[in-house]
Amino acid sequence: MKNLRPILLLLITFFLFCLSVQANQSRERHQSPSNIEELKVALADLMQHYKVPAAGITMIDKQGLVYFDAIGLANREENISVNTDSVFRLGSTSKMLVALSVLKLVEDKKLSLQDKLVDLAPEIEFNNPYAATHPIRIMHLLEHTTGWDEQHYPEFAHNQTPPISLKDGLDFHPHSRTSRWHPGSRYAYNNTGPTVAAYIVEKVSGKTFEAFVQTHFFNMLDMQHSTFLYDEVFTSMPTVGYDDKNRPIDYHHFINRPASALNSSIKDMTNLLTLFIQRGQFNGTQILSEQSLVRMETPSSSLSAQKGMQTGYGLSNYSAGYKQWVYREHRGGIEGYMSEISYIPEQQTGHVILLNTKNIAAFQKISNLIKDYETQQLSRSEAPAAVLLMDQKTNKTEEAFLASTQTKPAIEGLYYEINPRVELFSFINYISNMKTFSFDENTLIQGKAIGASKNYYHPVSDDLYRSDETGLISLARVVDPIEGEVLHYAYGASAVKTSVLKRINPWLGYTQLLIGFLWLLIIIFSLFKTLGIGIAKLRGRSVPIEVKQLRRWPLLASWAFISIWGLLFVAGSNPYYYMAGPTIVSIGIMLMTIIFALCSVFAIATVFIKKSNNVNKSSYWYYTIASGVHFCVMLFLLKFGVIGIIFWA
């Protein structure tokens, strides 16, 4: 029995881990405020609970302003209160102004969304292996369907004063601008596409992007406290950003300014929101046509959009489901700040949220609270009615498809994600974003391989599925030029997370997940095993040489990866510093992945070479399993390019 202890301990740990994964996660419920005074109290409670320094919040409906206020401290150190002119940083919400600028030039007949990038800006370096049949167009830049990777660490870390021009910024590190798949076939969010679009605005208009926005939007919308630069507009009334430990954040000069560097006040953002609510008008002046805003709100360039999917990412504007309502919005988050501009076009209702802390939990709670209040003022009957469709290939009505069983086997199964935002971390998406699809009578249920969340759909054609909650088509089956039949899925609180999913054999998929769980348990068990070995040495216990040889490499492999986790923890405190260049941390991670790979190879080789003589069976089989699991994980990481990873490339 004593010899079985290692295996028993491993099995018990695995059992407890499985129980923890399957445990139901209860959602925190709150009562929605019924009036503005209750809303103010609820907001103050959330800010106090999450220690949010300051917030700017505005809400608009058909009649005008519903709520407009700035709460808290713009500068804790100097005890300066925030006001409605205080300037926050907005992060990716900046991208909306890139799309508006492009649409302004389209209206002026100076640009077309179909224009090719190579024709407009041949001097911009990028690589599109599919250019002959699938050129990159302006709409791809704004809808994130170029296939480009997210900007790399050196681009994120670039922080030059004074800031460089957009052209110099795009020349700095062009390596991320390679189409990983056919442009227009898949969505993958990145910061470089909108920046290239902003450069085209500069080239076509003859003005800097900042000057173009100032002339056509900031001036026209009376946005007096808005800028993309660190200038007097910002420094005259700055709102200091704070990290998760309430330490002030220094101003960062982003290399891709149009995509993430907008600074603005809640008063100014109220005016920008009014432009969307009033369908292109402000103070009686038509600044942009309603047709342009509708195009901005409509995903068009992806395969799923062309198929008929109604949710997803438009021109720097995406759908966000909340209960039965669908908002159009954009969010932003940089170190020290978060923002959201969100509205329901049909209801002429919307809001803006600005925070000077990147507290995601607080931000989501505040957003949900405001959306609760907004939508409870609307009648459920006012929600957009689902339009019944007819499939053009089969002439079947939607009702006929609800009763049909032909589409069920074609879509049921286990799927993994094939459109990672960050290619370096695609292996994480592969494991964590596996989704299941199965039918319960006429309802398609989308679940997760790990987790309990579910979404529900009904078929409206062979290839399109309508969300039960919003009534919009949020799931489409299309044919990818590289992968063949795939699913496009844009649903939930933010369609900025649109996934492209490929079917995987369930045995293979779940086996990989099981190996992943076993690997984590083996690494945890290695900590205790190392402690036990140390205690045994102190007590003078001798161990057969065969046991030492068998356990050496799997234990070293475990410790190599523990070291990687430790280095990543250190890097998390300042990723721009540690990962954007060859530092002790980034080089250490690279070397440790190589050491992990070598130890895994030596471990599996030792199992085959060494005999089990003088090794008790439980230890032999434990180290054999550990060696095999390490080897499998090493092959998996090798496939995804993690072994020898270079973050600064």
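Residues numbered from 1 in each chain as written. Predicted model: local features only at pLDDT ≥ 70, side-chain atom pairs only at ≥ 80, totals over all residues. Heavy atoms only, no water.

Caption draft 1: Main features of helix 2 (residues 36-50). Here helix 2 contains 15 residues, and its C-alpha end-to-end distance of 21 Å stays within 8% of the 21 Å for a straight helix at 1.5 Å per residue. Every buried residue of helix 2 is listed here: Ile36, Leu39, Leu43, Leu46, Met47 and Tyr50. When helix 2 is viewed along its axis, its buried side chains cluster within an angular range of 95° and face the same direction. Residues of helix 2 that are exposed and point over 90 degrees away from its buried face: Glu37, Gln48 and His49. The elements touched by buried residues of helix 2 are strand 1 (54-61), strand 2 (64-75) and helix 15 (360-376). Positioned one or two residues after helix 2, lysine 51 has a phi angle of 55°, which is positive. (Helix = DSSP H or I, 4+ residues; strand = E, 2+ residues; numbered from the N terminus. Expected span 1.5 Å × (residues − 1). Buried < 20%, exposed > 50% of the residue type's maximum accessible area, 1.4 Å probe, protein only. Arc of directions from axis to C-beta. Contact = heavy atoms within 4.5 Å.)

Caption draft 2: Structural context of the nonpolar core. One finds Leu100, Leu141, Met269, Leu272, Phe276 and Met296 to be the most contacted residues of the largest nonpolar core, which totals 67 residues. The dominant element in this core, judged by the number of residues it contributes, is helix 3 (residues 95-107), at eight residues. Residues in contact with methionine 296, not counting those within four places in the same chain, are Met96, Ala99, Leu100, Leu103, Phe276, Gly314, Leu315, Ser316 and Asn317. (Core = buried A, V, L, I, M, F, W, Y, C linked by side-chain atoms within 4.5 Å.)

Caption draft 3: Layout of the pattern of salt bridges. Using the criterion set out here, one finds 22 salt bridges in the structure. Across the pair arginine 180 and glutamate 423 runs a salt bridge, and its minimum N-O distance is 2.7 Å. With arginine 180 in the loop between helix 7 (166-172) and helix 8 (192-205) and glutamate 423 in the loop between strand 12 (413-417) and helix 18 (426-432), the pair connects residues that are 243 residues apart, well separated along the chain. For glutamate 423, a relative accessible area of 33% gives the class partly exposed. With its nearest N and O atoms 3.7 Å apart, the salt bridge here joins lysine 502 to glutamate 483. Here glutamate 483 lies in the loop between strand 17 (473-480) and strand 18 (484-489) and lysine 502 lies in strand 19 (residues 499-504), a separation of 19 residues in the sequence. Owing to a relative accessible area of 27%, glutamate 483 belongs among the partly exposed residues under this scheme. (Salt bridge = Lys/Arg side-chain N within 4 Å of Asp/Glu carboxyl O.)

Caption draft 4: View of a positive patch on the surface. A cluster of like positive charges, contributed by Lys537, Lys548, Arg552 and Lys610, occupies part of the molecular surface. Note on placement: lysine 548 falls in helix 20 (residues 545-572). (Patch = residues over 30% accessible without salt bridge, like charges linked within 9 Å, V, L, I, M, F, W, Y side chains within 5 Å. Areas by Shrake-Rupley, 256 points an atom, 1.4 Å probe, with all protein chains shown as cover. Lys, Arg positive; Asp, Glu negative; His and termini not counted. Charge placed at Lys NZ, Arg CZ, Asp CG, Glu CD.)

Caption draft 5: Expanded view of the sheet that holds strand 19. Spatial ordering of the closed barrel is given by 12-13-14-15-16-17-18-19, a layout of eight strands whose pairing is antiparallel. Direction aside, the axes of adjacent strands within the sheet are offset by 35° on average. Sheet topology note: the strand 17/strand 18 ladder contains six bridges and is antiparallel. Each bridged residue has a counterpart across the sheet, and for valine 478 the counterpart in strand 18 is valine 486. Running at roughly 110° to strand 19, helix 19 (residues 506-538) makes contact with strand 12, strand 13 (435-440) and strand 19 of the sheet. (Pairing = 2+ DSSP bridges. Axes fitted to C-alpha atoms, helices over the stretch in contact; angles between N-to-C directions.)

Everything listed here is a matter of coordinates, which is why it stays silent on function.
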